[in-house]
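Structural characterization, general
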Amino acid sequence: MPLDTTRLLAARPRTRDLTWSERDVLLYHLGVGATASEPHWTLESRLRVLPSFAVVAGGQDVLSVLEAPGAEDIDRTQVLHGTQELLAHRALPAAGSARALTSVTDVYDKGTAAVIGVRTEAADARGPLWTSRLLLFARGAGGFGGSRGPALAKPPRPAGPPAAVHLVPLREDAALLYRLSGDMNPLHADPAEAARAGFPRPVLQGLCTYGTALRVLVDTLLDGRPEPVRRYAARFSGVVFPGETLELRVWRTGAGEARAEAVARGTERLVLSDAVLEWEA
């Protein structure tokens, strides 16, 4: 059944009340690879909050937008996370609550796939906390006669060699651990579901790669201090499998700005590209 873009774009924004605790933050940090040697991520008495926790705070599921009217027939195993941008308006508290407003902003017809743009604004009693913007690619949901939309902006790769290269090993059970923060898509846990989607085994969540890269960037560029982070965005360029080692390449591109990309070591398979981190210098 073709995607019903009229209903999808006309759907009222979804409002959710989100609540999280230090335990949720600690679990998320473990899911993106934090270890006992990093007490600022793993010990409640020294806890700082990685800004990317915002995408799972309160148990959010990136695919929950597919519950909106007009998207019910999309096969979730055929949906890929294309891009993710996070604007941090201020540091996240280790325990707190917020009201989040999520809406579908765009739907484009790429022929073999539909591209769905989603925006979430979250605020607490003190004011805005974060803004999240993302694109989902729904394979097989295109061909409904809609606009192809603009081409994704692709900034030029930084010139010269990276200023730093970090090797980031991923746990064999990384996808299983990360899904406990809210992404329960069986694609990341069930070999049969992975095979149905065309993968040899369960794949790692794109947002796990996204958070893992941010953890390394904050530790190496900001001495483990996430509070100055204001923007973090990236494109998911390839599949990551649990147990692989990522090679995170980082360029310093200005005061308060860095660019990065990640490849699966030993394959040169680009998995995270056009990553940009901006912070208050």
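Structural data are supplied above this passage.
Residues numbered from 1 in each chain as written. Predicted model: local features only at pLDDT ≥ 70, side-chain atom pairs only at ≥ 80, totals over all residues. Heavy atoms only, no water.

Regarding the overall build of the chain
- Along its length, the chain carries six helices and 10 strands.
- Relative to the compact-globule value of 19 Å for 281 residues, the chain shows a C-alpha radius of gyration of 18 Å, a close match.
- Each principal axis of the C-alpha atoms in the chain carries an extent, and together these give about 50 × 45 × 40 Å.
- Counting only residues that meet the buried cut, the chain has 53% of its 281 residues in that class.
- At a minimum sequence separation of 6, the contacts of the chain that also span at least 24 residues come to 71%.
- Total accessible area computed for the chain in this model is approximately 12,700 Å², and 53% of it derives from carbon and sulfur atoms.
- Positive and negative side-chain charges of the chain, numbering 32 and 32 respectively, have mean locations separated by a distance of 3 Å. (Helix = DSSP H or I, 4+ residues; strand = E, 2+ residues; numbered from the N terminus. Rg over C-alpha atoms; globule rule 2.2 N^0.38 Å. Buried < 20%, exposed > 50% of the residue type's maximum accessible area, 1.4 Å probe, protein only. Contact = heavy atoms within 4.5 Å. Areas by Shrake-Rupley, 256 points an atom, 1.4 Å probe, with all protein chains shown as cover. Lys, Arg positive; Asp, Glu negative; His and termini not counted. Charge placed at Lys NZ, Arg CZ, Asp CG, Glu CD.)

Observations concerning the packing of aromatic side chains
- Enumeration according to the criterion identifies six aromatic pairs in this entry.
- The interplanar angle of 70 degrees and the centroid separation of 6.2 Å between the aromatic rings of Trp20 and Phe53 together place this pair among those described as edge-to-face. Of this pair, Trp20 sits in strand E1 (residues 14-20) while Phe53 sits in the loop between helix H3 (39-42) and strand E2 (79-88), and the two are 33 residues apart along the sequence.
- Judged by relative accessible area, which is 1%, Phe53 ranks as buried.
- Site record: aromatic cluster; members linked through ring pairs are Trp20, Tyr28, Phe53, Trp130 and Tyr178. (Phe/Tyr/Trp six-rings, centres within 6.5 Å; stacked < 30°, edge-to-face > 60°.)

Overview of helix H6 (residues 206-221)
- Given a rise of 1.5 Å per residue, 16 residues ought to cover 22 Å, and the 22 Å separating the end C-alpha atoms of H6 matches this to within 8%.
- With 13 of 16 residues buried, H6 is to be regarded as a mostly interior element.
- After H6 finishes, the residue Asp223 shows a positive phi value of roughly 55 degrees. (Expected span 1.5 Å × (residues − 1).)

Focus on the pairing of strand E3 (residues 96-109)
- For E1 and E3, the ladder comprises seven bridges, and the chain directions are antiparallel. Looking at the pairing, Thr15 lines up with Leu101 of E3.
- Connecting E3 to the next strand, strand E4 (residues 113-124), in antiparallel fashion are three residues, including Gly111 with a positive phi near 90 degrees. (Pairing = 2+ DSSP bridges.)

Considerations on the environment of Val56
- Within the element layout of this structure, Val56 appears in the loop between H3 and E2.
- A relative accessible area of 5% places Val56 in the buried class.
- Residues Val56 and Asp24 lie 32 residues apart in sequence; the distance between their C-alpha atoms is 9.3 Å.
- For Val56, the residues in contact, after removing those within four places along its chain, are Tyr28, Tyr178 and Ser181.

Considering unusual backbone geometry
- With a phi angle near 55 degrees, Asp223 is a residue other than glycine that sits in the positive phi range.
- Residue classification places Asp223 among the exposed positions, given a relative accessible area of 65%.
- The phi dihedral of Glu268 is positive, around 60 degrees, even though this residue is not glycine.
- Assignment of secondary structure puts Glu268 in the loop between strand E9 (257-264) and strand E10 (269-279).

Thoughts on the sheet that holds E3
- The sheet built from 10 strands is open, its strands ordered E1-E3-E4-E5-E2-E7-E10-E9-E8-E6 with antiparallel pairing. Lying at the two open borders of the sheet, with one neighbouring strand each, are E1 and strand E6 (164-169). Recorded for the sheet is a direction-independent mean angle of 20 degrees between the axes of neighbouring strands. (Axes fitted to C-alpha atoms, helices over the stretch in contact; angles between N-to-C directions.)

Notes on the pattern of salt bridges
- Enumeration over the complete set of coordinates arrives at 23 salt bridges.
- Put simply, Arg76 and Glu67 hold a salt bridge, and the shortest N to O gap is 3.6 Å.
- Arg76 sits in the partly exposed class, given a relative accessible area of 29%.
- Taking relative accessible area as the criterion, Glu67 reaches 53% and is therefore assigned exposed.
- A salt bridge links Asp274 to Arg235; the nearest nitrogen and oxygen atoms lie 2.8 Å apart. (Salt bridge = Lys/Arg side-chain N within 4 Å of Asp/Glu carboxyl O.)

Structural notes on the nonpolar core
- Of all hydrophobic cores here, the largest spans 76 residues; its most connected members are Trp20, Phe53, Ile74, Trp130 and Leu248.
- In terms of residue count, the dominant contributor to this core is H6 (nine residues).
- With near-sequence residues (within four places) excluded, Leu248 lies in contact with Ala164, Val165, His166, Val168, Ala213, Val216, Leu217, Ala260, Glu261 and Ala262.
- By size, the runner-up hydrophobic cluster in this structure holds six residues, among which are Ala194, Ala197, Phe199 and Val203. (Core = buried A, V, L, I, M, F, W, Y, C linked by side-chain atoms within 4.5 Å.)

Topic: the environment of Pro169
- Mapped onto the secondary structure, Pro169 falls in strand E6.
- Linking Pro169 and Arg265, residues 96 residues apart in sequence, is a C-alpha distance of 9.4 Å.
- In contact with Pro169, other than residues within four places in its own chain, are Glu244 and Thr245.

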